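Inside the fold
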Amino acid sequence: MASFFTALPKTLTLPLPLTLVSGSKSKPNPKKASPMEGQKPTSRKPRKPSYGASRRSVLKKSFNQEQVMFTAPLSDDPSAAIIGGGMAGLICALYLEKRGVRSTVFDTGIHGLGGRMGTRVIDPQPLIFDHAAQFFTVGDPRFAQLVDEWLEKGLLQQWQGMIGELEVGGHFDPLPSLPPRYIGVNGMRPLADSILSQTTLVDVVRPCWISKLDPFNGMWHLSENGKPHGHYDAIVIAHNGLSITHQNTCIGEARAEECEKERGLVLEEVEECAKGRADFKNWALLEEISRRQKSKETWLKERDRNTGFFHRMANAHRQRNCLNNICINGKCANRLLASSGLPLVARQMKKLELSSIWALLAAFEDPLPIPFEGAFVKGVDSISWMANNTKKLLHLQNSGPHCWTFFSTAAFGKRNKVPQENIPTVTAEKVKEAMLAGVETALGISAGSLNRPFYTRVQLWGAALPTNTPGIPCIFDPHGRAGICGDWLMGSSLESAFLSGMTLANHIADYFQSGRVRPDEFAVGLHEEFLPLEGHDIGQFPGLGSKKMDEVQAYQLSI
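Because the structure is predicted, anything quoted here is derived from the model rather than measured. Just so you know, the residues in each chain are numbered from 1, in the order the chain's sequence is written. Where local features are concerned, this predicted model is filtered to residues with pLDDT of at least 70; where side-chain atom pairs are given and counted, the filter is 80 or more; whole-chain, interface and lining totals use all residues. Only heavy atoms go into the side-chain values, all of them from the structure, while hydrogens and water stay out.

**Describing the overall build of the protein**
The following threshold applies: For the purposes of this entry, the term helix denotes a DSSP run of H or I that reaches at least four residues, the term strand denotes a run of E that reaches at least two, and both are numbered from the N terminus. Relative accessible area decides the class of each residue, using a 1.4 Å probe on protein chains only: under 20% of the type maximum gives buried, over 50% gives exposed, and in between gives partly exposed. Two residues form a contact once any of their heavy atoms are found within 4.5 Å.
Each helix and strand counted, the protein has 13 helices and 25 strands in total. Counting all 559 residues of the protein, 50% fall into the buried class. Pairs at least 24 apart in sequence give 77% of the contacts found in the protein among residues at least 6 apart.

Rendered as structure tokens:
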């Protein structure tokens, strides 16, 4: 049986209060300065500046950092590191391969790749939920080619079910059937697997939390909490999700909690978790006693001269007990870029604003008396979308449980935001009850009359969707050989993610082939302003408007 807890050392260092730092290096001495490209990556902790990891200090570090200027020639067989395995990152890897460029995709996903193309299957029933992207539309002919390939492979189907807008009290307005709405035959996640299956020059590393980028000798050196992950000619940031350095014991706790939520823990695993926690507390107590004894002995010997010893010990523990990366509003890419030598790219990333959305997955024994399969909810604070996954994905199934996905509004998500990796039980219960009550309000039924689901799970998308955008397909810094792609650069849709990844891949390939004769000509998106982004709380759907067709008659739900 796999062990959840990493073996603890015989001598345990008891953590002092954590110091939050952004991982940025202190400003070099002008007399001893050397180009950033020539700084050799090292595992030694740099001297920490006097300011910590507040948003103000991180902005200061980012804007004052020295720009990387790669002057060394590209390698004979250039490669790119892509941080993020969602739609944009995978498409970027695919189109880089079409141009003959190797790449490695680093992704934090435990269950699989795809980012917001996520499908959750709960055994043994099974219960199936699209718990992120619900459907998508097509407006660009280049994206349409990929969609046609998915249709030919049997991975996609048109969602023929009725969807529309639901107002408070049960007033439902169906949306026109055009443009076509597409969904995965077995959920959205297989679409990501299909993209990867077309590649031979793409490696995937997951789950992996890249925590540091080091420029050295004309290459980018990547590492995960001090563990090297190779060097590359260019880097691509294709995500804006969570990233935080976990300590070994915390990883064991998180893995145990994840398994407990997914399938429950067997008796042996429960006992192992309890033993691991007890051992940790015992070792911590022994270490504390040892420290007190050593402190007393040193003080008796040195008396007032012990002040220097105290400060040396405190500073040593401060450097060791720190978080190299910490997310605020899910924007860990900011922390990753804060000290990497890419101030222009970091400045653009910091302009990005993201919403938070709660997802409630609920399974009911009996079908709800609702004629539609999906609805954008209007006028309800806790609900912005609801969809019947069973009818959508298993439309021929007439019996068995009915699985629904409910999404909150962005305002509700912001008010009830907590660390998404460790949602308190009290908050989860509060959010669940508020969202179920919101469903009753939207449907116009009395409180408490909705059938109680036999299975529920809440999930917080802390960095769900962008609320502003620069309206460009990609960002690229030719001097630092670094680019950014993602749906947020053009909107918040699957099509935007595709176009962004494809555009950046072709841009990087053109840059590689140019021989870097005039690198400034390849600078893209480093100074664009961001504008507010309109659309539904769960994203944008090109071609799908809220204007009703004249012949479509709105009607009142009778429940």
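**Description of the sheet that holds strand S3 (residues 102–106)**
Spelled out, the test is: At least two DSSP bridges between two strands are required for those strands to pair. Each axis is a line fitted through C-alpha atoms, and for a helix only the stretch in contact is used; angles between axes span 0 to 180 degrees, taken between their N-to-C directions.
The strand order across the open sheet built from 6 strands is S10-S3-S2-S14-S23-S22, with neighbouring strands paired in mixed fashion. Each edge of the open sheet carries a strand with a single partner, namely strand S10 (202–205) and strand S22 (475–477). Strand-to-strand twist in this sheet, taken as the mean axis angle between neighbours without regard to direction, amounts to 15°. Two elements, strand S14 (residues 234–237) and strand S23 (residues 482–484), share 3 bridges in a ladder whose sense is parallel. Paired with Ile237 across the two strands is Ile484, which belongs to S23. Seen against the sheet, helix H2 (residues 87–98) touches strand S2 (79–83), S3, S10 and S14 and runs at an angle of roughly 170° to S2.

**Things to note about the nonpolar core**
Going by this rule: Joining through side-chain atoms within 4.5 Å is the link that ties buried Ala, Val, Leu, Ile, Met, Phe, Trp, Tyr and Cys residues into a set, and such a set is a nonpolar core.
With 45 residues, the main nonpolar core has Met87, Ile91, Phe136, Trp150 and Phe498 as its most contacted residues. For this core, the elements supplying multiple residues, two or more each, are S2, H2, helix H3 (141–152), helix H4 (189–197), S14 and helix H13 (494–513). A total of 10 residues in this core trace back to one element, the largest contributor, which is H13. For Trp150, the residues in contact, after removing those within four places along its chain, are Met87, Phe136, Phe143, Leu155, Leu156, Leu191, Ser194 and Ile195. Listed in part, the 30 residues of the second largest apolar core include Ala362, Phe372, Ile445 and Leu460.

**Looking at the confidence of the model for the protein**
How we decide: The predictor's confidence in any single residue is recorded as pLDDT, a number from 0 to 100.
Per-chain confidence: the protein averages 76 in pLDDT, with 68% of residues scoring 70 or above. Across the protein, the secondary-structure element scoring lowest on mean pLDDT is strand S1 (residues 19–20), at 32, and the one scoring highest is S2, at 95. This model gives residues 241–255 a pLDDT under 50, and the stretch forms 35 contacts once residues within four places in sequence are excluded.

**Considering the pattern of salt bridges**
Side chains that carry opposite charge are capable of pairing whenever their charged atoms lie near each other. Spelled out, the test is: When a carboxyl oxygen of Asp or Glu lies within 4 Å of a side-chain nitrogen of Lys or Arg, that pair is called a salt bridge.
Scanning the model with the defined rule gives 10 salt bridges in all. A salt bridge links Arg102 to Asp77; its shortest N-O distance comes to 2.8 Å. Taken as a pair, Arg102 in strand S3 and Asp77 in the loop between helix H1 (55–64) and S2 lie far apart in primary sequence, 25 residues in all. Under the relative-accessibility criterion, Arg102 is labelled partly exposed at 32%. Residues joined in a network through salt bridges with shared partners are Glu429, Lys432, Glu433 and Arg452.

**Regarding the packing of H2 against H4**
Going by this rule: Orientation is classified from the angle alone, with under 35 degrees giving roughly parallel, over 145 giving roughly antiparallel, 65 to 115 giving roughly perpendicular, and any other angle giving oblique. Crossing handedness: left-handed means the near helix sits turned counterclockwise from the far one by under a right angle, and right-handed means the same turn made clockwise. Amino acids outside the nonpolar list (Ala, Val, Leu, Ile, Met, Phe, Trp, Tyr, Cys, Pro) and the charged list (Asp, Glu, Lys, Arg) are all regarded as polar, and Gly is one of them.
Axis separation between H2 and H4 bottoms out at 9 Å; the angle between their running directions is 15°. Classed by the angle they form, the pair H2 and H4 counts as roughly parallel. Relative to H4, the crossing made by H2 is left-handed. The segment H2 lies against H4, with Met87, Leu90, Ile91 and Leu94 engaging Ala192, Ile195 and Leu196. Residue composition of the contact of H2 with H4, grouped by class: 7 nonpolar, no polar and no charged.

**Looking at the sheet that holds strand S11 (residues 212–216)**
Read across the open sheet, the 3 strands follow the order S11-S12-S13; overall the sheet is antiparallel. The open sheet has two edge strands with one neighbour each: S11 and strand S13 (227–232). The mean inter-strand angle of the sheet, taken between neighbouring strand axes irrespective of direction, is 25°. Alignment of strand S12 (residues 219–224) against S13, held across 4 bridges, turns out to be antiparallel.

**Focus on the packing of aromatic side chains**
Stated formally: Each Phe, Tyr or Trp ring (for Trp, its six-membered ring) is paired with any other whose centre lies within 6.5 Å, and the angle between the two planes then decides the class: stacked below 30 degrees, edge-to-face above 60, tilted in between. Throughout this description, the term charge over a ring refers to an Arg CZ or Lys NZ atom that lies within 6 Å of the ring centre and within 35 degrees of the ring normal.
Applying the stated criterion across every chain, the model contains 21 aromatic pairs. Judged by centre distance (6.4 Å) and plane angle (75°), the ring pair of Phe136 and Trp150 falls under edge-to-face. One end of the pair, Phe136, is in the loop between strand S5 (127–130) and H3; the other, Trp150, is in helix H3, with 14 residues separating them in the sequence. Judged by its relative accessible area of 3%, Phe136 is buried. Ring centres of Trp159 and Trp385 lie 6.4 Å apart, and the angle between their planes is 75°; this geometry places the pair in the edge-to-face category. Of the two residues, Trp159 sits in the loop between strand S6 (156–158) and strand S7 (163–167) while Trp385 sits in strand S18 (residues 385–388), which places them 226 residues apart along the sequence. Each member of the pair Trp159 and Trp385 is classed as buried. Through a chain of ring-to-ring contacts, the aromatic side chains of Tyr95, Phe136, Phe143, Trp150, Tyr182 and Phe498 assemble into a single cluster. The aromatic ring of Tyr95 is capped on one face by Lys98, whose charged end is 4.3 Å from the ring centroid. Over the ring of Trp159 we find Lys392; its NZ or CZ atom is 5.2 Å from the centre of that ring.

**Notes on the side chain of Ser493**
We apply this condition: Whenever two N or O atoms come within 3.5 Å, that pair is a polar contact, provided that in protein one can donate a hydrogen and the other can accept it, and provided that, for residues adjacent in sequence, both atoms are side-chain atoms.
Mapped onto the elements, Ser493 comes out in the loop between S23 and H13. With relative accessibility at 8%, the residue Ser493 sits in the buried group. There is a polar contact of 2.9 Å between the side chain of Ser493 and the side chain of Ser496. Every residue in contact with Ser493, bar those within four places of it in the chain, is listed here: Asp487, Gln540 and Pro542.

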